[in-house]
Amino acid sequence: MSQITKDQVKHVAHLARLAISEDETEKMTKHLGDIIKYAELLNELDTDHVEPTTHVLDLKNVMRKDEPKKWIDKEDALQNAPDKQDGQFRVPSILE
Amino acid sequence: MSLFDHTLTELQDKLHKKEIKVTDLVSESYQRIQEVDEQVKAFLTLNEEKAYEKAKQLDEQKLNDQSILFGIPIGIKDNIMTEGLRTTCGSQFLRNFENPLYDATVIKKLSKSNTVTIGKLNMDEFAMGSSNENSSYFSTRNPWNTDYVPGGSSGGSAAAVAAGEVFFSIGSDTGGSIRQPASFCGVVGLKPTYGFVSRFGLVAFASSLDQIGPITRTVEDNAHLLQALVGHDEMDTTSANVDIPNFADATKQDVKGLRIAVPQEYLQEGVSPEVKEAVLKALKTYEDMGATWEEVSLPHSRYAVAAYYLLASSEASANLARFDGVRYGVRSEKAENMLDMFKLSRSEGFGDEVKRRIMLGTFALSSGYYDAYYKKAQKVRTLIKQDFEKVFENYDVIVGPTAPTTAFKVGEKIDDPLTMYANDILTIPVNLAGVPGMSIPCGFSSEGLPIGLQIIGKHFDESTLYRAAYAFEQATDHHKQKPVLGGVR
């Protein structure tokens, strides 16, 4: 592909839930562009008939019985939360 | 002489004969940390009070058939969850994560073996980096020369062992993060076969590549530590249910008839002359012991770094979505709505390299680019894996350098991501293929920096790695060298 653009970088940042400054956008456009250009090395290889590897071990879906197990208490789970109220995580408003 | 200059077998003997107590071992650690950690900067968090408590408790136990790890001071990489002990992953995002709610499976296993946790070790943020300079706290230094990096991302884990601050440590390896720092710091580091050690409680970077593994001074002690870590775990769906051999026993067999493959790609340009020379000398040592070696090819090696950065970053972009400022970690004070809370918390909490990889991964997985980048990289991964399978049809192990050079200077490569990535060119293919690899000391550069020999084996054939590594170690004395720090030792 042609060089990645600043607008693309801003779009990807939004998808990744990152707020990046103009300055960072500039730097990121260069660095990502370099890395993506380098990654295009892979296009030298004909992989039309190659299966993708998602995992190196031959594992089938691993299931356990659907039984409730004791894990972390609600109180404990809230311990590290930046904000909480009435036994729940508290966040800023979701709807404007 | 430090107590940590002994082997595990010797220490257990001393404990048994009451020549030493566990408390002595623990104070050996903290004294050494006091002496040298200002220079080495390996530790992010110390566990001093609880460690002495545990030591006292162990000293009151009757010694009978205790584990060979009984009472031994260990350091833990800071991306491994330790209940009630701060776990930051080297990131500002988790600077206030003082109270992890559970122990990783490996920590539970170590507790059962009665090791004593000395503290949490510095690392590149979320294990992304090859020099420890991406830690958002401070850069760990190489004990052999503190102007140099210790390698990464398990730089703190390797440096702490080399500096004698702990007897041994555990790290994690996604693209070389145990082996490369082991090589730079002159210690023994093993990345086990994917699936051999449970990843439950290891803060995920790239789930199809991550493995936890042991870092030690000697090969035999490495085998003992791995023994305590391996095993099937129902909490990790990628954990393998396989037979577990006795790794230390494997060291007893000589290497007569061992068939070594040396990939020509691992000795090509980019590998420094000193490193190449040390590896060739090591091969001569193997010949003298009755092993044979031949040059082979892993033809897709040159594509490994590109495939790795696409795959690892893609997986990371998904894994690191959990850091959203809701349940743990920091939350930006500036956000007025939910979306801004995610964006600002993440932007304030993550460092440059982490953002770069999340961006790369998000891009590679995004609509319109998925097939061209992510899926392409997965296909290339298949080719790389097949390269290894072919070689292992005719050979027992693959041997080469761990890293193309010895440690580089702090600040030397930090501004250029691609130069930094090239550093992992010899370790990355091993993770992509899921096979085990280890680094052992095999010499020193003219500047006095350690050189690492990498030994790679078949899936779940760590025994042969230990056999090959132990024979070499016994035939040489590189592992007996120790760095001099602050005029001590």
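The structure displayed is predicted, hence computed values, not measured ones.

### A look at the pairing of strand β11 (residues 450-456) of chain B
Residues and elements named next belong to chain B.
Here is step 1: Burial analysis of β11 places seven of its seven residues in the buried class, the great majority of the element.
Here is step 2: Going residue by residue along β11, you find P450, G452, Q454 and I456 tucked away on one face and I451, L453 and I455 tucked away on the opposite face as well.
Here is step 3: Looking at chain direction, strand β9 (residues 397-401) and β11 are connected through four bridges and run antiparallel. Bridging from a neighbouring strand, P401 pairs with L453 of β11.
Here is step 4: The pairing of strand β10 (residues 437-444) with β11 spans seven bridges and is classified as antiparallel. Residue pairing for β11: S439 is matched across the bridge by Q454.
Here is step 5: The antiparallel pairing of β10 with β11 creates a hairpin that spans five residues between the two strands, and G448 there sits at a positive phi of about 85 degrees.

### Focus on the packing of aromatic side chains
Residue and element names in this part refer to chain B.
Here is step 1: According to the stated counting rule, one finds 25 aromatic pairs over all chains in the structure shown.
Here is step 2: With 5.6 Å between their ring centres and 35 degrees between their planes, Y30 and Y52 make a pair best called tilted. Here the residue Y30 occupies a position in helix α2 (residues 22-40), and Y52 occupies one in helix α3 (residues 48-59), the gap between them amounting to 22 residues.
Here is step 3: The class of Y30 is buried, set by a relative accessible area of 5%.
Here is step 4: Residue class for Y52 comes out partly exposed when judged on its relative accessible area of 27%.
Here is step 5: Look at Y308 and Y309: their rings are 4.9 Å apart centre to centre, the planes differ by 85 degrees, and that puts the pair in the edge-to-face class. Like Y309, Y308 is buried.
Here is step 6: Site record: aromatic cluster; members linked through ring pairs are F93, F97, F126, F323, Y328 and F350.

### Quick notes on the interface of chain B and chain A
Here is step 1: Contacts between chain B and chain A engage 67 residues on the former and 58 residues on the latter.
Here is step 2: Around 5600 Å² of area is buried between chain B and chain A when both sides are counted, 69% of it from carbon and sulfur atoms.
Here is step 3: Summed over the shared surface of chain B and chain A, the result is five salt bridges.
Here is step 4: A salt bridge links R331(B) to D83(A); the shortest N-O distance between them is 4.0 Å.
Here is step 5: In this structure, the connection of chain B to chain A is made through 22 residue pairs in polar contact (both at pLDDT 80 or more).

### Focus on the UniProt feature "active site" (unreviewed entry) in chain B
Residue and element names in this part refer to chain B.
Here is step 1: Within the UniProt annotation, "active site" (unreviewed entry) is assigned to K77, S153 and S177. For the annotated residues, spread through 101 residues, the largest C-alpha to C-alpha distance comes to 10.9 Å, consistent with a single compact locus. Checking the annotated residues one by one, the ones that line the largest cavity turn out to be S177.
Here is step 2: You can see K77 is positioned in strand β2 (residues 73-77).
Here is step 3: What makes K77 buried here is its relative accessible area of 0%.
Here is step 4: When residues no more than four places from it in sequence are discounted, the contact partners of K77 are K120, L121, M123, A127, S153, S154, S157, I170, G171, S172 and S177.
Here is step 5: Relative to the assigned elements, S153 resides in the loop between β3 (116-121) and α5 (155-162).
Here is step 6: When neighbours within four sequence positions are excluded, S153 is seen to be in contact with K77, N122, M123, D124, A127, M128, G129, N132, S172 and S177.

Analysis parameters
Residues numbered from 1 in each chain as written. Chains lettered and ligands numbered in written order. Predicted model: local features only at pLDDT ≥ 70, side-chain atom pairs only at ≥ 80, totals over all residues. Heavy atoms only, no water. Buried < 20%, exposed > 50% of the residue type's maximum accessible area, 1.4 Å probe, protein only. Helix = DSSP H or I, 4+ residues; strand = E, 2+ residues; numbered from the N terminus. Pairing = 2+ DSSP bridges. Phe/Tyr/Trp six-rings, centres within 6.5 Å; stacked < 30°, edge-to-face > 60°. Contact = heavy atoms within 4.5 Å. Buried area = accessible area lost by both parts, 1.4 Å probe. Salt bridge = Lys/Arg side-chain N within 4 Å of Asp/Glu carboxyl O. Polar contact = N/O pair within 3.5 Å; in protein donor to acceptor, adjacent residues only side chain to side chain. UniProt positions renumbered as here; feature names shortened; annotations may be inferred. 1 Å grid on protein atoms, 1.4 Å probe; cavity = no way out; pocket = protein on both sides within 12 Å on 5 of 7 lines; lining within 4 Å.

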